[in-house]
Structures are given as structure tokens and as C-alpha cells.
Amino acid sequence: MRRPMVAGNWKMHGSRAANSALLTDLELRVKADWPIDVAVFAPFVYLPDAVRMLTDSSIAVGAQNVCAETSGAFTGEVAAAMLKDIGCSHVLIGHSERRAWYHEDDALIARKIIVALATGLTPILCVGETLQEREAEKTEAVIARQIDAVLKTNGAPAFSRLIVAYEPVWAIGTGRTATPDQAQAVHQFIRGRISGQDANIGGQVRLLYGGSVKAGNAADLFSMPDVDGGLVGGASLNAEEFADICAAAAARH
Ligand code: 13P
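Residues numbered from 1 in each chain as written. Predicted model: local features only at pLDDT ≥ 70, side-chain atom pairs only at ≥ 80, totals over all residues. Heavy atoms only, no water.

**Points about the site of the ligand**
Thought 1: Taken together, 13 residues form the shell around the ligand, and within it K11, H95, G173, S212 and G234 come nearest.
Thought 2: In this structure, E167 approaches the ligand through a side-chain N or O atom, which is 3.0 Å from an oxygen atom.
Thought 3: S212 has a polar backbone atom sitting 2.8 Å from an oxygen atom of the ligand.
Thought 4: Taken by itself the ligand offers 310 Å² of open surface, and the protein chains cover 96% of this. (Near = heavy atom within 4 Å. Polar contact = N/O pair within 3.5 Å; in protein donor to acceptor, adjacent residues only side chain to side chain. Areas by Shrake-Rupley, 256 points an atom, 1.4 Å probe, with all protein chains shown as cover.)

**Focus: the sheet that holds strand β6 (residues 163–166)**
To summarise the sheet geometry, strands pair through backbone hydrogen bonds and adopt either a parallel or an antiparallel arrangement.
Thought 1: Strand order in the closed barrel formed by 8 strands is β1-β2-β3-β4-β5-β6-β7-β8, and the pairing between neighbours is parallel. Strand-to-strand twist in this sheet, taken as the mean axis angle between neighbours without regard to direction, amounts to 25°.
Thought 2: Across the face of the sheet, helix α11 (residues 239–250) comes into contact with β1 (5–9), β2 (37–41) and β8 (229–232) while running at roughly 160° to β1. (Pairing = 2+ DSSP bridges. Helix = DSSP H or I, 4+ residues; strand = E, 2+ residues; numbered from the N terminus. Axes fitted to C-alpha atoms, helices over the stretch in contact; angles between N-to-C directions. Contact = heavy atoms within 4.5 Å.)

**Digging into the pairing of strand β3 (residues 59–63)**
Thought 1: Summarising burial for β3: 5 of the 5 residues are buried, a large majority.
Thought 2: Examined bridge by bridge, β2 and β3 share 4 bridges and lie parallel to one another. What sits directly across from V38, in β3, is I59.
Thought 3: Taken together, β2, helix α2 (residues 47–53) and β3 form a β-α-β motif whose crossover is right-handed.
Thought 4: Here β3 runs beside strand β4 (residues 90–93); their pairing, made up of 2 bridges, is parallel. Residue A63 lies in a different strand from β4, and its bridge partner there is V91. (Buried < 20%, exposed > 50% of the residue type's maximum accessible area, 1.4 Å probe, protein only. Right-handed = clockwise from strand over helix to strand, strands pointing away.)

**Structural notes on α11**
Thought 1: Here α11 is 12 residues long and its end C-alpha atoms lie 16 Å apart, about the 16 Å a rise of 1.5 Å per residue gives.
Thought 2: At the N-terminal boundary of α11, the capping side chain belongs to N238, with an oxygen 3.0 Å from the backbone nitrogen of E240. (Expected span 1.5 Å × (residues − 1).)

**Details of the side chain of N9**
Thought 1: Within the fold, N9 resides in strand β1.
Thought 2: Assessed through its relative accessible area of 3%, N9 is described here as buried.
Thought 3: Beyond its immediate chain neighbours, meaning those up to four positions away, N9 contacts F41, Q64, L92, H95, L231, V232, G233 and S236.

**Considerations on the state of the cysteines**
Thought 1: On inspection of all chains with the given rule, the structure shows 0 disulfides.
Thought 2: Cysteine C67 is unpaired, with the sulfur of C88 as its nearest cysteine sulfur at 15 Å.
Thought 3: C88 gets classed as buried once you look at its relative accessible area, which sits at 3%. (Disulfide = S-S within 2.5 Å.)

**Structural notes on the packing of helix α10 (residues 215–222) against α11**
Thought 1: Running from amino to carboxyl end, α10 crosses α11 at an angle of 20°, the nearest separation of the two axes being 9 Å. Between α10 and α11, the crossing angle belongs to the class labelled roughly parallel. Both α10 and α11 take part in a crossing whose hand is right-handed. Facing A215, A218, A219 and F222 of α10, the residues of α11 in contact are E241, D244, I245, A248 and A249.
Thought 2: Taken together, the residues of the contact of α10 with α11 break down into 7 nonpolar, no polar and 2 charged. (Parallel < 35°, antiparallel > 145°, perpendicular 65-115°, else oblique. Left-handed = near helix turned anticlockwise from the far one by under 90°. Nonpolar A, V, L, I, M, F, W, Y, C, P; charged D, E, K, R; others polar.)

**Quick notes on the side chain of S212**
Thought 1: Looking at where S212 falls in the secondary structure, it is placed in the loop between β7 (207–210) and α10.
Thought 2: Other than its neighbours up to four places away in sequence, S212 contacts A171, G173, T174, G175, R176, T177 and N217.

**Considering helix α7 (residues 139–154)**
Thought 1: Between the first and last C-alpha of α7 there are 23 Å, a value that for 16 residues agrees with the 22 Å anticipated at 1.5 Å per step.
Thought 2: Tucked inside the fold, the buried residues of α7 contact α4 (96–101), α5 (106–119), β5 (122–127), α6 (131–135), β6 and α8 (180–195).
Thought 3: G155 occupies a position one or two residues after α7 and carries a positive phi of about 80°.

Now the structure itself:
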């Protein structure tokens, strides 16, 4: 059985004081004995605070991005080893906002996966189609291209050490969630793609859904057989709502 996971992507929100208060609240609400993994992805500068505050908790800390290079003259970038050094365990790679605004392509994302895995970080590989691509019935072609880029560069075994998040771009921050059936269809496709290379790894890989996940829709999404949890943006900025989403994942069976 795949262990459910709920990940909170704070994006570029908050302040030192607000984010610390959020973590304090979250620690009280997320129960350590829930049979799920929980992680928060804070902005880089707040990661040391988050690691310190969550040291004795069951909540893991991750970064929202990482450099594809290991060290050197890359002004403004942050290396995987630095993230590991300060206590991060996870990293988001290939978020649609990185793909769209910072022109990250499949080849760069595949290289970031290599570096993250080599450093011992657990990547959450984000994939997803735009509205235009969905309307043109290209969803499967886009997802296949994004998954295959990592399969080709890293091989199927990499998928035994990473998590995939399906985040349809049209559902991110729009309040327009994919229906459970829409999410399930793409998750099944992703699992099938990986299973085509290695059935065992395909069966084990955790697939999170992201895009307007809220306390009110989480249980329905998580009831689908291939939806193993969620990658939550806006709702992760509210401790009560995020904890309710975690509770929905904990109740998944
Ligand atoms: P929202 O939950 O705000 O739609 O964001 C989803 C997301 O992009 C998480 O990475």
C-alpha cells in the first residue's frame, strides 16, 4: 500500500513572523500518528527557521526549487547539497510556475532530478498540461513527454525514489479543481507510463494531485485509487484547512 502524502507549497508568500506562526499552528494540528507523510515547502530564506521549528515533529521540510549544477559560479542559485546541509529532505522540481515563468524545460528538469537524487533529497516531480493543451486533447501527449524526459535520463529506478505531482495548470490557483475522475484518469496514465518500464516501480510510485485542493474537495480526490495525496498551494497557508486536508489523506483507504 502506498503511504499517502500531503505537501504544502507556500510559494512566495508570508513573512518570517507569519510563516513561523503558521508552523506553530500546524505542528499542533497535524497529528504525528496519522499514517501519512506531510511536508512543507517554504521560500528559501525561511527554510532554516522551518527546519529548526519542525526538528521534533513529523513534518518534513522541502525547497521549492534547486539548481541543476552542484556548485560554482551560478549567482542567485541554491545547490542541492546546501538544502541537504540545512536539513531539507524534499524538493519540488519542475513546478508549472518554474516551467512557465523561468523557462525550465524537460531537459533541465531531468538534470535537476539527477542532482537531487544524488544528494539524497526526495524530489517531487511536477507535471501538468495547460488549458489550451487540454482543450486540444493533448493532455496525455504532454504528460508523456514530461514523464518520459525523466525516464529517459534517469531510468525507471529513479521513480522508486521520487514522488510525482500531477498539477493541471488550469487548476492551479483558479479554484477550478480537476474532478476526481479527471485526476484519476491522468494519474492512471502516469502510473501506466512508468509501469511500462518497470511494473513494480510503477505500482509503488506515489502520485499526488495539485490544483485548488481544499478541505472541501480533498476527501473526494483522495478516494480515487491512483491519487495518493495532494500538493497544496493556497490552502496550505491556513493551518486549519491544511490539517483538514491531511486528515482526509489519513482517512484514505
Ligand atoms: P493551489 O492549491 O493554490 O491551486 O496551488 C497548487 C500548486 O501549484 C501547488 O504546487
